[in-house]
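The chain contents come next:
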Amino acid sequence: MPTLSSQLFARALNRIPGGVNSPVRVFRGLDREPFFIDRAEGARIWDVDGNEYIDYVGSWGPAILGHAPRVVIAAIRETAARGVSFGIPNPLEVEMAELICQWVPSIEKVRMVNSGTEATMSCIRLARGFTGRDKIIKFDGCYHGHVDALLVQAGSGALTHGRADSAGVPADFAALTISLPFNDIEAVRAAFRENAKTIAAVILEPIPANAGLYFPRGNFLELLREECTRNGALLIFDEVMTGFRLARGGAQELYGARPDLTALGKVIGGGLPVGAFGGRAEIMQQLSPEGPVYQAGTLSGNPLAMAAGLAQLRELERIDGWKLLETAGARFEEAARATLRDLNAPCTFHRVGSMFCLFFTPDAVIDLATAKRSDIKKFATFFRGCLDRGVYFAPSQFESGFLSIAHQDSDLDATLRVMRQSLTL
Ligand SMILES: *Cc1c(COP(=O)(O)O)cnc(C)c1O
């Protein structure tokens, strides 16, 4: 008998392109079909065939308290009983805006949207509207959602103008995007020189976490701030993944950085579809209805989404979740490193707070090019080994893993045993 998951996948393939509503879910190159989820609670998920897994994907980041946290479910229930959407201002929107501005000091005004993609897309339009310039600098391997202007990754050569990664992105759009190697400030300076007074913004993940996980080196973020200010371009931090996960004020708090605009998502919605973008008031006031940059959304500021997000954020603050996650993360890292040393595994392990990534290369990983040195075949074997033993890591080398508040020491110990077995396959 085929499993229930494989029956569902066969039906899905008939009616959904690739059988999935977002491509990474299809387990490409991993020699496994995706499984379908029946329910999730705490650190665990159960598929429709009754298999149980310890989950390190956490809905790709939002589930920082674990799955189905009581406070979030209660907030959704209570709010839903009074209606699920109005399209008229509701008090929760004001509470959310005030909380964001208080926790992230670079944000003086904020607008809610429905996804991370909408947030970055709106930042780009706003930066262009505010500066009256068209070009954007981004970095190879940084992912900012499926925005036309941002689906570009340069070929070799620091100043190659963009070529789209996706069909359907007009070459004329892609040509306005310059993609550079992360951590290469000289490439940024050269791009500013060659495109004097035409660059609207530099956008980056301050801690890139969509090509594996790696870090800004030295004072890269500080130098970017200087270059943007000197050249009249805006600095945009895409903190859709890191915002409210790495610290109350996100990666910008960790690094003491002050971007002009910030994109948020994932944790902010408590598992509901939410994004936000905000920054200096002077810039945000260019948005309609105050200013000429149009931006809107039928479901933006949706009460269920605001209630779920607020409940999650306040619970994180109440329990000092970031400190708990750092403690658990440090413990996990130390044990993982000991295991790798023990096995003499030619791997590189990265972690910050509750985010981590295991690369199958012994070399330093500092950008997309070095991340790509990871042995994808070894990753696939490791992934399957873990999955078969009840541990679900992200189904791609180029993603990070997430710990949640619900992961207990006993879960981490069980996971480390599974990792050891799967590394010796
Ligand atoms: C997930 C992600 C996005 C896109 O968010 P969606 O809600 O999937 O549209 C953008 N930027 C970063 C850094 C992300 O991790």
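In case you missed it, the structure is sitting above this.
Structure report, in brief.

Calculation rules
The residue numbering used here restarts from 1 in each chain and proceeds along that chain's sequence as written. Only residues with pLDDT of 70 or above have their local features reported here, since the model is predicted, and side-chain atom pairs are shown and tallied only from 80 upward, although totals for entire chains, interfaces and linings are computed over all residues. Note that the side-chain values use all heavy atoms of the structure and ignore hydrogens as well as water. Numbering of helices and strands runs from the N terminus, with a helix taken as a DSSP run of H or I at least four residues long and a strand as a DSSP run of E at least two residues long. Here a helix's expected span is defined as the number of its residues, less one, multiplied by 1.5 Å. Burial classes: relative accessible area under 20% of the type maximum marks a residue as buried, over 50% as exposed, and values in between as partly exposed (1.4 Å probe, protein chains only). Pairs of N or O atoms are called polar contacts if they sit within 3.5 Å, as long as, within protein, a hydrogen donor faces a hydrogen acceptor (for residues adjacent in sequence, only side-chain-to-side-chain pairs). One heavy atom within 4 Å of a molecule or strand makes the whole residue count as near it. Under the convention used here, a 1.4 Å probe and the Shrake-Rupley method define accessible areas, while residue burial counts only the protein chains that appear. Residues are sorted three ways: Asp, Glu, Lys and Arg are charged, Ala, Val, Leu, Ile, Met, Phe, Trp, Tyr, Cys and Pro are nonpolar, and all the rest, Gly among them, are polar. Pairs of residues are marked as contacts when any of their non-hydrogen atoms sit within 4.5 Å. Under this scheme, a helix contributes an axis fitted over its contacting stretch, all axes are lines through C-alpha atoms, and angles between N-to-C directions fall in the 0 to 180 degree range. Throughout, the term roughly parallel applies to angles under 35 degrees, roughly antiparallel to angles over 145, roughly perpendicular to angles from 65 to 115, and oblique to all others. Each crossing gets its handedness from the near helix: less than a right angle anticlockwise from the far helix is left-handed, clockwise is right-handed. Using protein atoms alone on a 1 Å grid, points that fit a 1.4 Å probe yet trap it form a cavity, whereas open point sets bounded by protein on both sides within 12 Å along at least five of seven lines form a pocket; residues with an atom within 4 Å of a point count as lining. Grid points are joined across faces, edges and corners, and a volume is the space filled by probe spheres set on the points. In this text, buried Ala, Val, Leu, Ile, Met, Phe, Trp, Tyr and Cys residues form a nonpolar core when linked through side-chain atoms within 4.5 Å. As annotated, the domain borders come from an automatic or database domain assignment.

Some thoughts on helix α10 (residues 303-318)
Stage number 1. Spanning 16 residues, α10 covers 22 Å between terminal C-alpha atoms, matching the ideal 22 Å at 1.5 Å per step.
Stage number 2. Most of α10 sits inside the fold, with 13 of its 16 residues counted as buried.
Stage number 3. Where α10 starts, the residue carrying a side-chain oxygen 3.0 Å from the main-chain nitrogen of L304 turns out to be N302.
Stage number 4. Taken from the residues just after α10, D320 is the one with a positive phi, measuring 50 degrees.

Concerning the site of the ligand
Stage number 1. Close to the ligand lie S115, G116, T117, Y143, H144, G145, E205, N210, D238, V240, M241 and K266, which account for all nearby residues.
Stage number 2. Residue Y143 places a main-chain N or O atom 3.3 Å away from a nitrogen atom belonging to the ligand.
Stage number 3. At 3.1 Å, a side-chain N or O of N210 approaches an oxygen atom of the ligand.
Stage number 4. Bound to the protein, the ligand loses 82% of the 380 Å² it would expose on its own.
Stage number 5. When grouped by side-chain class, the residues that make up the shell around the ligand number three nonpolar, six polar and three charged.

Some details on the environment of M306
Stage number 1. Within the element layout of this structure, M306 appears in helix α10.
Stage number 2. Accessibility expressed as a relative area gives 1% for M306, which makes it buried.
Stage number 3. Considering only alpha carbons, one finds M306 and T79, 227 residues apart in sequence, at a separation of 9.5 Å.
Stage number 4. Here M306 is in contact with L92, E93, M96, M112, V274 and G301, once residues within four sequence places are set aside.

Describing the packing of helix α13 (residues 376-388) against helix α14 (residues 409-423)
Stage number 1. Across the interface, α13 lies against α14 with an axial gap of 8 Å and an inter-helix angle of 135 degrees. With respect to their mutual orientation, α13 and α14 come out oblique. Once α13 is placed against α14, the crossing between them reads as right-handed. Residues F382, G385 and C386 of α13 lie in contact with α14, whose contacting residues are V418, M419, S422 and L423.
Stage number 2. Looking at side-chain class alone, the contact of α13 with α14 contains five nonpolar, two polar and no charged residues.

Some details on empty space enclosed by the protein
The gaps left among the atoms become clear once a water-sized probe is rolled over them.
Stage number 1. Evaluation of the coordinates by the stated rule reveals two cavities of 30 Å³ or more.
Stage number 2. In this structure, the largest cavity spans a volume of roughly 150 Å³.
Stage number 3. If you trace the largest cavity, you find 14 residues lining it, with F356, C357, L358, F379 and F393 closest to the centre.
Stage number 4. If you list the elements that add at least two residues to the lining of the largest cavity, you get β12 (355-359) and α13.
Stage number 5. The element contributing the most residues to the lining of the largest cavity is β12, with three residues.
Stage number 6. In the lining of the largest cavity, the residues fall into nine nonpolar, four polar and one charged.
Stage number 7. Within this model, the second largest cavity holds a volume of roughly 50 Å³.
Stage number 8. Here the lining of the second largest cavity is composed, by residue class, of four nonpolar, six polar and two charged.

Some points on the nonpolar core
Stage number 1. Ranked by size, the top nonpolar core spans 62 residues in total, and within it I100, F244, I268 and Y392 carry the most contacts.
Stage number 2. If one sorts the elements of this core by residue count, α10 sits on top with eight residues.
Stage number 3. Two domains share this core, each providing at least three of its residues, namely domain 1 (4-68 + 320-423) and domain 2 (70-317).
Stage number 4. Among all residues touching I100, those that are not within four sequence positions of it are I107, V110, M112, F244, L264, I268 and A276.
Stage number 5. Counting 39 residues, the second largest nonpolar core, distinct from the first, contains I185, A209, V352 and F402.

Some details on the environment of L8
Stage number 1. If you trace the backbone, L8 turns up in helix α1 (residues 4-15).
Stage number 2. Exposure remark for L8: the relative accessible area of 27% places this residue in the partly exposed category.
Stage number 3. With 40 residues separating them along the chain, L8 and V48 place their C-alpha atoms 9.5 Å apart.
Stage number 4. Excluding residues that lie within four positions of it along the chain, L8 makes contacts with F36 and V48.

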